[in-house]
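Next come the chains, spelled out residue by residue.
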Amino acid sequence: MSNSLLKVIRWELSKLIKQRFLFLLVFIYPLLFIFLFFYMYHAGIITQVPIAVVDQDTTKSSRLLIQQVAASPQLQVAKRYQDLSSAKHALIKGDVYAVLFIQPEFEKDLIAGHQPEVVAFYNNQYMSAGTIIFRAMSSALKMANSQIVLQGLLEKGIAAPVAESQMQTVPTSLHPLYNPTLNYLYTLISGIIPTILQIIIMMAMVTSITRDRFDVTSYQKTFQLANHNILIFLSGRILPYFCYFLFCLSLFDIILITYFHLPLNGHFVLLLLGGMGFILTSCLYGVFFGLTGSTLAQAYGSASLVASPCFGFTGLIFPRLAMNTFAYIWGALLPVTWYIEIRLDQTLRAPSIITSLEPFVYLLIQLSVVVTLITLHLRKIRRRLI
């Protein structure tokens, strides 16, 4: 049995190396995407988001307010406008992501003891940038308001210790639940790379399976090497891809944990097992679509139709609980959905063992169903060849 398995693996590797597109898809693209996204998101947090300022007061207090906002490392005062209409136009065009509007008589109302209003518009279409702008601007405005009030008290002749004692700070309690580290590298990259990897895995397996299926000899050669054993046939075809993609995923985790200090609040063994289950299930999905597509275009089309919406249906960008039934079910059928849950559980969330095992159960169900369907299909093919 082991000799037959090695024959099938060697045969698959020889075909893999000779087929240029498949070689690039398997050996080049995964590593290229991993290092490309690391390069793009290496900062981990968003800084220097360009904003515009409309100061219609132009007083000492308004300038102090703008300085405090500009001092925030997350924000950069990139443009200044005289009217709100021009600033809104820049916001719509995408030149800036937020507009700070200081109304006329801001300082006068402040000195009079009124509550002058400072208006901020920000583009929340980009949710990550919008969250950063909201948090940074809220903090900067509170700090600026305190400084302006303190300066007003000092100008009235009140001693500094007394003035500071009269300042009332508003306690703020922030609870970032989904991204507790406030590092977008840990959440976005941990979802984007596996999502892209799932597409690559499925396309690679479809290419491998359809290469022989639409050949003159069909699967006769590989079934002979496998002694017509379905398990050996399937294992030998998948194993080279499984090992290499597992290496890519492991390398991805090693870089995140060692270089970018990704917290590992769960169990590394569960993270590894989750990765193995994810890759194996994705490989089997690709085999299934390669076997069942009536034409080459249909095989690729079916795989891409299932895998492509994973960017929207996994819950990475939009919560799955808020999706309609169709999107929720589609997301549940994707291996990467449950693998992302496993990643977040074992790195950031640190749940109980029972909660950690839930996504494994769904992943195991997917794997079992796909293996059963593939086995039934391969039995029909084997009967035709014998």
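Structural notes, computed from the coordinates. (Residues numbered from 1 in each chain as written. Predicted model: local features only at pLDDT ≥ 70, side-chain atom pairs only at ≥ 80, totals over all residues. Heavy atoms only, no water.)

A look at the packing of helix α10 (residues 230-258) against helix α16 (residues 353-385)
Point 1. Contact geometry for α10 and α16: axes closest at 10 Å, N-to-C directions at 115 degrees. Between α10 and α16, the crossing angle belongs to the class labelled roughly perpendicular. Between α10 and α16 lies a crossing whose hand is right-handed. Taken together, the residues of α16 that come into contact with α10 (itself represented by Ile230, Phe233 and Leu234) are Ile374, Thr375, Leu378, Arg379 and Arg382.
Point 2. Within the contact of α10 with α16, the residues separate by chemical class into 5 nonpolar, 1 polar and 2 charged. (Axes fitted to C-alpha atoms, helices over the stretch in contact; angles between N-to-C directions. Helix = DSSP H or I, 4+ residues; strand = E, 2+ residues; numbered from the N terminus. Parallel < 35°, antiparallel > 145°, perpendicular 65-115°, else oblique. Left-handed = near helix turned anticlockwise from the far one by under 90°. Contact = heavy atoms within 4.5 Å. Nonpolar A, V, L, I, M, F, W, Y, C, P; charged D, E, K, R; others polar.)

Re a nonpolar patch on the surface
Point 1. A cluster of nonpolar side chains, contributed by Ile17, Phe23, Leu24, Ile28, Tyr29 and Leu32, occupies part of the molecular surface with about 510 Å² of accessible area.
Point 2. Considering every element that reaches the nonpolar patch, the biggest residue donor is helix α2 (residues 20-40), with 5 residues.
Point 3. Residue position: tyrosine 29 is located in helix α2.
Point 4. Overall, the relative accessible area of 32% leaves tyrosine 29 in the partly exposed class. (Patch = residues over 30% accessible without salt bridge, like charges linked within 9 Å, V, L, I, M, F, W, Y side chains within 5 Å. Areas by Shrake-Rupley, 256 points an atom, 1.4 Å probe, with all protein chains shown as cover. Salt bridge = Lys/Arg side-chain N within 4 Å of Asp/Glu carboxyl O. Buried < 20%, exposed > 50% of the residue type's maximum accessible area, 1.4 Å probe, protein only.)

Considering the pairing of strand β2 (residues 75-81)
Along any regular strand the residues' side chains alternate between the sheet's two faces.
Point 1. Sheet topology note: the strand β1 (residues 49-55)/β2 ladder contains 6 bridges and is parallel. For valine 54, the partnering residue across the bridge sits in β2 and is tyrosine 81.
Point 2. Running through helix α3 (residues 60-70), the crossover from β1 to the neighbouring parallel element β2 is right-handed. (Pairing = 2+ DSSP bridges. Right-handed = clockwise from strand over helix to strand, strands pointing away.)

Some details on the sheet that holds strand β4 (residues 118-122)
Point 1. Strand order in the open sheet formed by 4 strands is β2-β1-β3-β4, and the pairing between neighbours is mixed. On the outer flanks of this sheet lie β2 and β4, each paired with one strand and no other. Neighbouring strand axes in the sheet, compared pairwise and without regard to direction, differ in orientation by 25 degrees on average.
Point 2. For strand β3 (residues 98-102) and β4, the ladder comprises 5 bridges, and the chain directions are antiparallel. Pairing of alanine 98 across the sheet is with tyrosine 122, part of β4.

A few points about the pattern of salt bridges
Point 1. The full count for this structure, using the stated rule, is 3 salt bridges.
Point 2. Measuring nitrogen to oxygen at the nearest pair gives 3.0 Å for the salt bridge that ties glutamate 12 to arginine 211. Taken together, the positions of glutamate 12 in helix α1 (residues 2-18) and arginine 211 in helix α8 (residues 184-213) put the pair 199 residues apart, joining distant regions of the chain. One exposure class covers both glutamate 12 and arginine 211, and it is buried.
Point 3. When the shortest N-O distance is used, the salt bridge between glutamate 12 and arginine 237 registers 2.5 Å. Here arginine 237 lies in helix α10 and glutamate 12 lies in helix α1, a separation of 225 residues in the sequence.
Point 4. Using a relative accessible area of 0% as the deciding quantity, one classes glutamate 12 as buried.
Point 5. When its relative accessible area of 1% is taken as the criterion, arginine 237 is described as buried.
Point 6. One network of salt bridges, with partners in common, ties together Glu12, Arg211 and Arg237.

A look at the side chain of threonine 207
Point 1. Along the chain, threonine 207 falls in helix α8.
Point 2. Those residues within four positions of threonine 207 in sequence are excluded, and the remaining contacts are Gln19, Phe21, Leu22, Leu25 and Tyr300.

Quick notes on the nonpolar core
Nonpolar side chains tend to gather and get buried jointly when the protein is soluble and globular.
Point 1. Grouped together as the largest cluster of nonpolar side chains are 72 residues, with contacts concentrated most on Phe245, Ile279 and Leu378.
Point 2. When residues in this core are grouped by element, the largest group, 15 residues, is from α10.
Point 3. When sequence neighbours within four positions are dropped, the list of residues in contact with phenylalanine 245 reads Val26, Pro30, Leu197, Ile200, Ile201, Ala204 and Ile279.
Point 4. Counting residues in hydrophobic clusters, the runner-up holds 14 residues, among them Val69, Leu75, Phe106 and Ile133. (Core = buried A, V, L, I, M, F, W, Y, C linked by side-chain atoms within 4.5 Å.)

With respect to the state of the cysteines
Point 1. The full count for this structure, using the stated rule, is 0 disulfides.
Point 2. For the unlinked cysteine cysteine 283, the closest cysteine sulfur is that of cysteine 243, found at 9.7 Å.
Point 3. Under the relative-accessibility criterion, cysteine 283 is labelled buried at 0%. (Disulfide = S-S within 2.5 Å.)

Overview of the environment of phenylalanine 313
Point 1. Along the polypeptide, phenylalanine 313 turns up in helix α13 (residues 310-313).
Point 2. Sequence separation of phenylalanine 313 and alanine 332 is 19 residues, and the distance between their C-alpha atoms is 8.3 Å.
Point 3. Residue contacts for phenylalanine 313: discarding those within four places in its chain leaves Arg320, Met323, Ala327, Trp330, Gly331, Leu334 and Thr337.

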